[in-house]
Amino acid sequence: MSASAFTPDELERYARHIVLPEIGGPGQQKLKRARVLVIGAGGLGAPVLQYLAAAGIGTLGVVDDDTVSLSNLQRQVIHDTVSVGEAKNVSAARSIGRINPNVAVEVHDFRIAADNAQDLVRRYDLVADGSDNFDTRYAVADACAAEGKPLVHAAVGRFDGSVTVLKPFETGPDGRKNPSYRDLFPEPPPAGMVPSCAEAGVLGALTGVIGTLQAMEVIKLIAGIGEPLVGRLLLYDGLAAQFDTIRYKAPQ
């Protein structure tokens with residue numbers, strides 16, 4: 001049996017994907033062959049990992065050097081009470097195995113930074129960034145741009161969030177180079193200007209909304225369907241129940 005062939009159990013598991021003309025058997029095989037790196041197994045990483053595992057992504061890489069704390073559980077739904085004190089990578093890998101035993105999990109128990117991001121990114125087809133600090137975001141974005149890997153980036157605040165797709169190594173339909181993360185955010189905000197989740201709080205369900213949107217963009221990119229959020233920043237205001245889209249470009 002070839003690596004991309006489906007077992008009878010897999011055919012049943014993915015039946016609702018396979019009957020979609022936009023996905024079908026070929027699209028599901030693309031998902032099965034894909035290697036996706038997820039930065040962080042926290043509020044955003046939790047729904048990303050859960051839905052990508054359920055979708056049948058062949059290999060999920062998880063980068064996190066933290067342990068599960070009780071205050072995580074209000075939003076980091078890939079973990080549970082018995083996981084408190086355990087490495088998030090270990091807890092997430094166990095949950096992924098329960099969701100879909102066909103998915104291989106590669107854990108990376110370190111903090112990703114400018115000096116190690118590129119070597120790690122090179123091993124995957126696509127990256128989803130759910131990190132919560134600007135140093136990591138810039139390091140991941142720069143590594144993905146250098147290695148030619150699509151990046152699905154997201155961030156959340158107290159009641160709002162954003163998602164975009166970055167492919168600065170390609171040109172758009174207008175012949176212009178796609179924008180990079182640094183085109184969207186040329187430099188990080190001054191230290192202390194953006195409060196942390198611990199300082200400002202965050203509504204737990206918000207991370208589910210934004211992380212699920214990230215997973216959707218990952219699946220679209222792998223299957224080659226729809227219009228990914230390249231050059232578009234999708235904004236969600238949870239209190240107003242409103243979505244807005246801002247277009248942005250690389251400078252000429």
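Residues numbered from 1 in each chain as written. Predicted model: local features only at pLDDT ≥ 70, side-chain atom pairs only at ≥ 80, totals over all residues. Heavy atoms only, no water.

Visitor: Explain the overall build of the protein chain to me, please; I cannot follow it from the model alone.
Guide: Scanning the protein chain from N- to C-terminus turns up ten helices and eight strands. Its C-alpha atoms give the protein chain a radius of gyration of 18 Å, within 12% of the compact-globule value 18 Å for 252 residues. For the protein chain, the spread of C-alpha atoms along the principal axes amounts to about 55 × 50 × 40 Å. A burial count over the protein chain gives 46% of its 252 residues as buried. For the protein chain, contacts bridging at least 24 residues in sequence account for 64% of all contacts bridging at least 6. Accessible surface computed for the protein chain: about 12200 Å², of which carbon and sulfur atoms make up 54%. (Helix = DSSP H or I, 4+ residues; strand = E, 2+ residues; numbered from the N terminus. Rg over C-alpha atoms; globule rule 2.2 N^0.38 Å. Buried < 20%, exposed > 50% of the residue type's maximum accessible area, 1.4 Å probe, protein only. Contact = heavy atoms within 4.5 Å. Areas by Shrake-Rupley, 256 points an atom, 1.4 Å probe, with all protein chains shown as cover.)

Visitor: Looking at this structure, I do not really get the packing of aromatic side chains. What am I missing?
Guide: The description of two aromatic rings rests on the distance between their centres and on the angle between their planes. If you walk through the whole model with that rule in mind, you get five aromatic pairs. Ring plane angle 75° and centroid distance 5.0 Å describe the contact between Tyr138 and Tyr181, whose orientation is recorded as edge-to-face. With Tyr138 in helix H7 (residues 134-147) and Tyr181 in helix H8 (residues 181-184), the pair connects residues that are 43 residues apart, well separated along the chain. Neither Tyr138 nor Tyr181 differs from the other in exposure class; each is buried. What links up through ring pairs into an aromatic cluster is the set Phe134, Tyr138, Tyr181 and Phe185. It is Arg137 that lies over the ring of Phe134; its NZ or CZ is 4.9 Å from the centre. (Phe/Tyr/Trp six-rings, centres within 6.5 Å; stacked < 30°, edge-to-face > 60°. Lys NZ or Arg CZ within 6 Å of the ring centre and 35° of its normal.)

Visitor: How should empty space enclosed by the protein be read in this particular structure?
Guide: Where empty space is left can be seen by rolling a probe of water-molecule size over the atoms. Within the structure shown, the criterion is met by one cavity of 30 Å³ or more. Of the pockets and cavities examined, the largest cavity occupies roughly 40 Å³. What lines the largest cavity is simply Phe6, Glu10, Tyr14, Lys32, Gly56, Ile57, Gly58 and Asn102. Taken together, the residues of the lining of the largest cavity break down into three nonpolar, three polar and two charged. (1 Å grid on protein atoms, 1.4 Å probe; cavity = no way out; pocket = protein on both sides within 12 Å on 5 of 7 lines; lining within 4 Å. Points joined across faces, edges and corners; volume = space filled by probe spheres on them. Nonpolar A, V, L, I, M, F, W, Y, C, P; charged D, E, K, R; others polar.)

Visitor: How should unusual backbone geometry be read in this particular structure?
Guide: With the exception of glycine, the majority of residues adopt a negative phi angle, and the majority of peptide bonds are in the trans configuration. Phi is positive for Ala241, close to 50°, though the residue is something other than glycine. Of note, Ala241 is situated in the loop between strand E7 (232-237) and strand E8 (242-247).

Visitor: Explain the environment of Tyr51 to me, please; I cannot follow it from the model alone.
Guide: Along the chain, Tyr51 falls in helix H4 (residues 45-55). Counting along the chain gives 168 residues from Tyr51 to Ile219, while the straight-line C-alpha distance between them is 9.6 Å. The contact partners of Tyr51, leaving out residues within four places of it in the chain, are Thr212 and Ala215.

Visitor: Is there a simple way to think about the layout of surface pockets in this case?
Guide: Computed from the structure, the second largest pocket encloses a volume of approximately 440 Å³. Surrounding the second largest pocket, 20 residues form its lining, Gly172, Pro173, Asn178, Val230 and Gly231 being those nearest its centre. Taken together, the residues of the lining of the second largest pocket break down into six nonpolar, five polar and nine charged.

Visitor: I tried to follow the packing of H4 against helix H10 (residues 204-223) on my own but got confused; where do I start?
Guide: The packing of two helices is summarised by the inter-axis angle and the distance between the axes. Packing of H4 against H10 brings their axes to within 8 Å, and their N-to-C directions diverge by 40°. As the angle between them shows, H4 and H10 are arranged oblique. For the crossing formed where H4 meets H10, the hand is right-handed. Side by side, H4 and H10 meet where Pro47, Val48, Tyr51, Leu52 and Ala55 of the first sit next to Thr207, Gly208, Gly211, Thr212, Gln214, Ala215, Val218 and Ile219 of the second. Its residues placed into classes, the contact of H4 with H10 shows eight nonpolar, five polar and no charged. (Axes fitted to C-alpha atoms, helices over the stretch in contact; angles between N-to-C directions. Parallel < 35°, antiparallel > 145°, perpendicular 65-115°, else oblique. Left-handed = near helix turned anticlockwise from the far one by under 90°.)

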